[in-house]
Amino acid sequence: MESVVFIFSLIDCCALIFLSVYFIITLSDLECDYINARSCCSKLNKWVVPELIGHAVVTVLMLISLHWFIFLLNLPVATWNIYRYIMVPSGNMGVFDPTEIHNRGQLKSHMKEAMIKLGFHLLCFFMYLYSMILALIND
């Protein structure tokens, strides 16, 4: 059963890595003016909820399977994703808003956040891979 948990977590982590890379590429396209702010934000906003759900599922799964260290490692990022989604001001298009993305360095902060998430998901990927191999050997 433990190996199934880590296999699912590994697959989910691969999807989250893909999303992080997609966010970085789309934000860098906006930074270089290859796409306009409205299309960039609409592309990114439709993936905010799947990212939130994917990360929350893994966090809850680690809590249920009693992997405390991994749960506590995932908890701050999952909490940040939920907080960021809940705190979207009314009237904005979503987490990424085309009217505000160029103001106050938001583009740079979104890019930095996507890079940090990519690093975090890569760390989790290797941790899940190691745990999966260990679980498969022990079963």
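The model shown is predicted, which means the values in this text are computed figures rather than measured ones. (Residues numbered from 1 in each chain as written. Predicted model: local features only at pLDDT ≥ 70, side-chain atom pairs only at ≥ 80, totals over all residues. Heavy atoms only, no water.)

What follows concerns the pattern of salt bridges. On inspection of all chains with the given rule, the structure shows 5 salt bridges. The salt bridge partner of Glu51 is Lys117, with a shortest N-O separation of 3.2 Å. Separated by 66 residues along the polypeptide, Glu51 in helix α3 (residues 48-64) and Lys117 in helix α5 (residues 106-138) bring together distant segments of the chain. Residues Glu51 and Lys117 agree in their burial class; the two are buried. (Salt bridge = Lys/Arg side-chain N within 4 Å of Asp/Glu carboxyl O. Helix = DSSP H or I, 4+ residues; strand = E, 2+ residues; numbered from the N terminus. Buried < 20%, exposed > 50% of the residue type's maximum accessible area, 1.4 Å probe, protein only.)

A few words now on the environment of Ser28. Positionally, Ser28 belongs in helix α1 (residues 2-31). Counting along the chain gives 12 residues from Ser28 to Cys40, while the straight-line C-alpha distance between them is 9.9 Å.

Let us now look at the nonpolar core. Within the largest apolar cluster, 35 residues are counted, with the highest numbers of intra-cluster contacts made by Phe6, Leu27, Leu30, Met62, Phe96, Ile101 and Tyr128. Listing elements by their share of this core, those giving two or more residues are α1, α2 (37-45), α3, α4 (68-86) and α5. The element contributing the most residues to this core is α5, with 11 residues. The residues contacting Met62, other than those within four sequence positions of it, are Val5, Phe6, Ser9, His67, Ile70, Phe71, Asn74 and Tyr128. (Core = buried A, V, L, I, M, F, W, Y, C linked by side-chain atoms within 4.5 Å. Contact = heavy atoms within 4.5 Å.)

With that settled, consider α2. Along α2, the residues classified as buried are Ala37, Cys40, Cys41, Leu44 and Asn45. Considered in projection along α2, the buried side chains sweep an arc of 120° and stay on one side of the axis. (Arc of directions from axis to C-beta.)

The subject of this paragraph is the UniProt feature "transmembrane region" (unreviewed entry) in the chain. The positions that UniProt labels "transmembrane region" (unreviewed entry) are, in the present scheme, residues 5-25, 52-75 and 118-137. The distance from the first to the last C-alpha atom of residues 5-25 is 30 Å, and the span holds 100% helix and 0% strand. (UniProt positions renumbered as here; feature names shortened; annotations may be inferred.)

A word on the packing of aromatic side chains. Using the criterion set out here, one finds 4 aromatic pairs in the structure. For the ring pair Phe23 and Phe96, a centre distance of 5.7 Å and an interplane angle of 85° mean the geometry is edge-to-face. Within this pair, whereas Phe23 is found in helix α1, its partner Phe96 is found in the loop between α4 and α5, the two being separated by 73 residues in sequence. Judged by relative accessible area, which is 6%, Phe23 ranks as buried. (Phe/Tyr/Trp six-rings, centres within 6.5 Å; stacked < 30°, edge-to-face > 60°.)

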